[in-house]
Amino acid sequence: MYKRFLMIAVATTMPIFAGLHNLSLSKALRMLDEKNLEIKISQYDETMKKYDELSVEGMNYGKIDLTVQALRSNDAGNVFGFKLQSREATFRDFGFRDFLGGVGMAMQMSQGNFGTFGQLLSNPALQNRLLDTAPDDLNYPDARSHFLTKVTFQIPLYTGGKLTEYKKITNQLYEMSKLDTRKLRNEKIFQVKKAFNDITLVQNYISNLRKIRRNIVHLKKIIVEMKKEGYTKRTDVLEVKARLAKVDSMLNQARLNRELAYQFLSFLLNTEVSSIRPVNLLIKRPRVSKADIERMSLDIQKAKMGLRVSEMAIKTEKANFLPMAGAFAEYGSADNKLWNDFSKKDFYTVGVQVKWNLFNGGSDKAKLEKARVRMMKVAQQVELAKKGIALKVKRLQTEIKSLEYDVKSQKTQLKLAREVYRTYEEKYKIGLASITDVLIKQAIELEALLKYLKVASDRNDKIFELQSILDMGGKV
């Protein structure tokens with residue numbers, strides 16, 4: 001039972017620690033889009049730029065605000081305003097109680113005689129006394145609560161085209177962010193391809209080192225047997241052992257380099273990778289025309305978008321010289337209780353506002369000229385990008401062709417070095433060459449192998465770089 005439980009536990013935990021095996025380049029590139037963390041971050045940047053565009057577009061449809069205020073005050077001005085907004089203001093609130101008191105006093109003094117009453121009211125002294133009376137109800141009101149609920153709608157009617165251009169600019173910035181993601185993706189594809197290429201080359205190097213090691217081990221056995229017969233010297237055995245130790249050291253270093261390459265590939269794919277399917281040592285060189293460069297280069301496309309943005313920026317600056325118009329509507333109700341008699345005490349306000357700046361010291365003119373200069377600068381940057389990318393592509397194509405000649409040369413030299421080594425190995429067996437000569441020829445073979453693999457790797461790296469520049473990285 002315990003053994004069965006242990007087997008189940010091992011079976012369920014193994015996939016957690018085991019990496020992908022025999023991973024193909026095409027599958028790795030698909031995984032890159034799904035799992036690479038840097039690409040995901042760039043895609044989030046894209047999404048934020050899209051929301052910037054939607055935010056600007058939403059300004060065209062205006063905005064509606066709901067405001068609910070709860071206030072309490074004994075400030076005379078506030079209380080009077082609260083009552084007036086609630087449609088509850090009375091003459092008492094204006095202080096008429098104190099005024100009527102003065103009038104009543106004048107009526108008592110007139111003893112019911114309207115003529116006398118008229119004369120009293122026309123008396124300047126009495127008039128001043130009445131007018132100077134401080135209304136207690138108005139100046140010292142009781143504290144009052146005030147609940148105001150209102151809905152406000154505002155919409156721009158005319159902005160001189162500014163909102164339209166802002167919408168276009170944010171759209172272009174969104175498209176530019178997508179180009180940034182594609183460029184980053186091309187860079188990561190370049191790194192994945194290079195990792196596959198490096199692992200394949202290191203694996204090829206390890207395989208050749210193993211063959212060389214087997215040859216050395218075989219040669220060592222022959223030397224040991226020949227030494228027993230007295231045909232070789234003790235130093236021959238020591239030289240072979242030293243060569244074997246050096247090859248073992250080189251094998252160990254190559255394995256460590258392969259492990260580092262796997263770790264970097266696992267980082268790129270955000271997944272543990274244990275082994276890959278080897279790729280071709282010499283990939284096909286892409287053919288690129290001058291028209292392809294301008295059409296496929298992401299840097300050139302982004303520079304052109306930047307030029308369009310600078311043209312739109314000029315139009316937004318021109319809008320500062322035009323009038324701005326907007327409309328608003330407001331509906332609400334107020335009372336000393338929340339939402340009490342809402343329809344009875346409701347109110348509305350509608351209006352239109354036109355604003356036109358006639359003079360600001362030439363600031364808008366300076367901004368417009370600056371936008372025009374910026375557009376001319378960006379136009380030059382576009383031309384610079386075209387020429388710079390074309391020059392870079394031409395340089396890479398030249399370097400690739402040069403490396404192709406080097407590959408052919410190194411391949412021929414490797415073939416010759418292997419043949420020479422075999423010849424000297426046979427000569428040693430019949431006593432026509434020393435063990436030192438054999439090991440020297442073997443070292444030359446190993447050096448030729450290293451040069452061949454390095455040149456092949458350099459050529460592939462240049463091709464990957466060319467594919468990355470021209471947005472061709474996704475092709476396998």
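Structure shown above.
Residues numbered from 1 in each chain as written. Predicted model: local features only at pLDDT ≥ 70, side-chain atom pairs only at ≥ 80, totals over all residues. Heavy atoms only, no water.

1. Some words on the overall build of the chain
Operational definition: Strands here are runs of E lasting at least two residues and helices are runs of H or I lasting at least four, both read from the DSSP assignment and numbered beginning at the N terminus. Only protein chains enter the accessibility calculation, which uses a 1.4 Å probe; a residue whose area is less than 20% of its type maximum is buried, one above 50% is exposed, and one in between is partly exposed. Any two residues whose heavy atoms approach within 4.5 Å are treated as being in contact. All accessibility values rest on the Shrake-Rupley procedure with a 1.4 Å probe; residue burial counts only the protein chains present in the view.
The number of helices and strands found in the chain is 14 helices and 4 strands. Burial status across the chain gives 37% buried among its 476 residues. A sequence separation of at least 24 residues applies to 85% of the contacts in the chain between residues at least 6 apart. Roughly 29,300 Å² of accessible area belongs to the chain as shown, and the carbon and sulfur atoms make up 57% of that amount.

2. Points about the sheet that holds strand 4 (residues 346-355)
Selection rule: Following DSSP output, two strands are said to pair if at least two bridges run between them. Here the axes come from fitting lines to C-alpha atoms, over the contacting stretch only for helices, and the angles between their N-to-C directions go from 0 to 180 degrees.
The strand order across the open sheet formed by 4 strands is 1-2-3-4, and the pairing between neighbours is antiparallel. Because the sheet does not close on itself, it has two edges, and the strands there are strand 1 (63-73) and strand 4. Each adjacent strand pair in this sheet contributes to an overall mean axis angle of 20 degrees, direction not counted. Its contacts with the sheet place helix 4 (residues 76-85) against strand 1, strand 2 (144-158), strand 3 (324-335) and strand 4, and it is angled at close to 70 degrees to strand 2.

3. Points about helix 13 (residues 363-429)
The test is simple: To estimate how far a helix should extend, the number of its residues minus one is multiplied by 1.5 Å.
The terminal C-alpha atoms of helix 13 lie 94 Å apart, and with 67 residues this matches the ideal 99 Å at 1.5 Å per residue to within 8%. Just beyond helix 13, the residue with positive phi is Gly-431, at close to 85 degrees.

4. Focus on the environment of Asn-215
Inspection of the secondary structure assignment puts Asn-215 in helix 9 (residues 162-228). Overall, the relative accessible area of 31% leaves Asn-215 in the partly exposed class. The spatial distance from the C-alpha of Asn-215 to the C-alpha of Leu-244 is 9.7 Å, given a sequence separation of 29 residues. Residues in contact with Asn-215, not counting those within four places in the same chain, are Tyr-421 and Glu-425.

5. Considerations on helix 3 (residues 37-58)
The test is simple: Here the arc refers to the set of directions running from the helix axis out to each C-beta atom. Polar contact is defined as a pair of N or O atoms within 3.5 Å, subject to the rule that within protein one atom must be able to donate a hydrogen and the other to accept it, and that residues adjacent in sequence are counted only when both atoms are side-chain atoms.
Taking 1.5 Å per residue, 22 residues should reach 32 Å; helix 3 reaches 32 Å between its end C-alpha atoms and fits that length. Turning to helix 3, its buried residues number three or more, namely Ile-39, Ser-42, Glu-46, Glu-53 and Val-56. Within helix 3, the buried residues cover an arc of 90 degrees as seen down the axis, which keeps them to one side. In this structure, helix 3 carries Ile-41, Tyr-44 and Tyr-51 as exposed residues pointing more than 90 degrees from its buried face. Two to three positions downstream of the cap, the backbone nitrogen of Glu-38 sits 3.1 Å from a side-chain oxygen, assigning the N-cap of helix 3 to Asn-36.

6. Topic: a nonpolar patch on the surface
Selection rule: Like charges within 9 Å and nonpolar side chains (Val, Leu, Ile, Met, Phe, Trp, Tyr) within 5 Å are joined into patches, using only residues over 30% in relative accessible area that form no salt bridge. Salt bridges are counted wherever a side-chain nitrogen of Lys or Arg sits within 4 Å of a carboxyl oxygen of Asp or Glu.
Taken together, the side chains of Ile-64, Leu-66, Val-68, Val-151, Phe-153, Leu-338 and Trp-339 define a hydrophobic patch exposed on the protein surface, amounting to about 700 Å² of accessible area. Those elements that provide at least two residues to the nonpolar patch are strand 1 and strand 2. Looking at which element gives the most residues to the nonpolar patch, the answer is strand 1, with 3 residues. Inspection of the secondary structure puts Ile-64 in strand 1. Note on Ile-64: relative accessible area 62%, which makes it exposed.

7. With respect to a positive patch on the surface
As a reminder of what qualifies: Charged residues are defined narrowly, with Lys and Arg counted positive, Asp and Glu counted negative, and His plus the chain ends left uncounted. One atom stands in for each charge, and that atom is NZ of Lys, CZ of Arg, CG of Asp or CD of Glu.
A cluster of like positive charges, contributed by Lys-27, Arg-30, Lys-35 and Lys-40, occupies part of the molecular surface. By residue number, the principal contributor to the positive patch is helix 2 (residues 25-35), which donates 3 residues. Looking at the secondary structure, you find Lys-40 in helix 3.

8. Looking at the pattern of salt bridges
All chains considered together, the criterion is met by 31 salt bridges. Measuring nitrogen to oxygen at the nearest pair gives 3.0 Å for the salt bridge that ties Arg-285 to Glu-404. In this pair, Arg-285 is assigned in the loop between helix 10 (234-269) and helix 11 (290-296) and Glu-404 in helix 13, connecting sequence segments 119 residues apart. Residue Arg-285 is classed as partly exposed on the basis of its relative accessible area, which comes to 27%. Residue classification places Glu-404 among the buried residues on the basis of a relative accessible area of 18%. Lys-454 is the partner of Asp-458 in a salt bridge, and the nearest nitrogen-oxygen pair spans 3.0 Å. One end of the pair is Asp-458 and the other is Lys-454, both in helix 14 (residues 435-469) and 4 residues apart, which spans about a single turn. Residue classification places Asp-458 among the partly exposed positions, given a relative accessible area of 26%. The exposure class assigned to Lys-454 is exposed, which follows from its relative accessible area of 53%.

9. Considering the nonpolar core
We apply this condition: Only buried residues count toward a nonpolar core. Its members are Ala, Val, Leu, Ile, Met, Phe, Trp, Tyr and Cys residues joined through side-chain atoms within 4.5 Å.
Tyr-205, Leu-209, Ile-223, Tyr-428, Ile-435 and Leu-446 are the most contacted members of the largest nonpolar core, which has 34 residues in total. Secondary structure elements with two or more residues in this core: helix 9, helix 10, helix 13 and helix 14. If we skip the residues at most four places from it in the chain, Tyr-205 touches Met-250, Ala-254, Leu-446, Leu-449, Leu-450 and Leu-453. Ile-293, Phe-464, Ile-469 and Met-472 belong to the second-largest nonpolar core, a separate cluster that totals 20 residues.

10. A look at the pairing of strand 2
Two elements, strand 1 and strand 2, share 11 bridges in a ladder whose sense is antiparallel. Looking across to strand 2, one finds that Lys-63 is bridged to Gln-154. Note that strand 2 and strand 3 share 11 bridges and pair antiparallel. Note on strand 3: the bridge partner recorded for Thr-149 is Ser-333.

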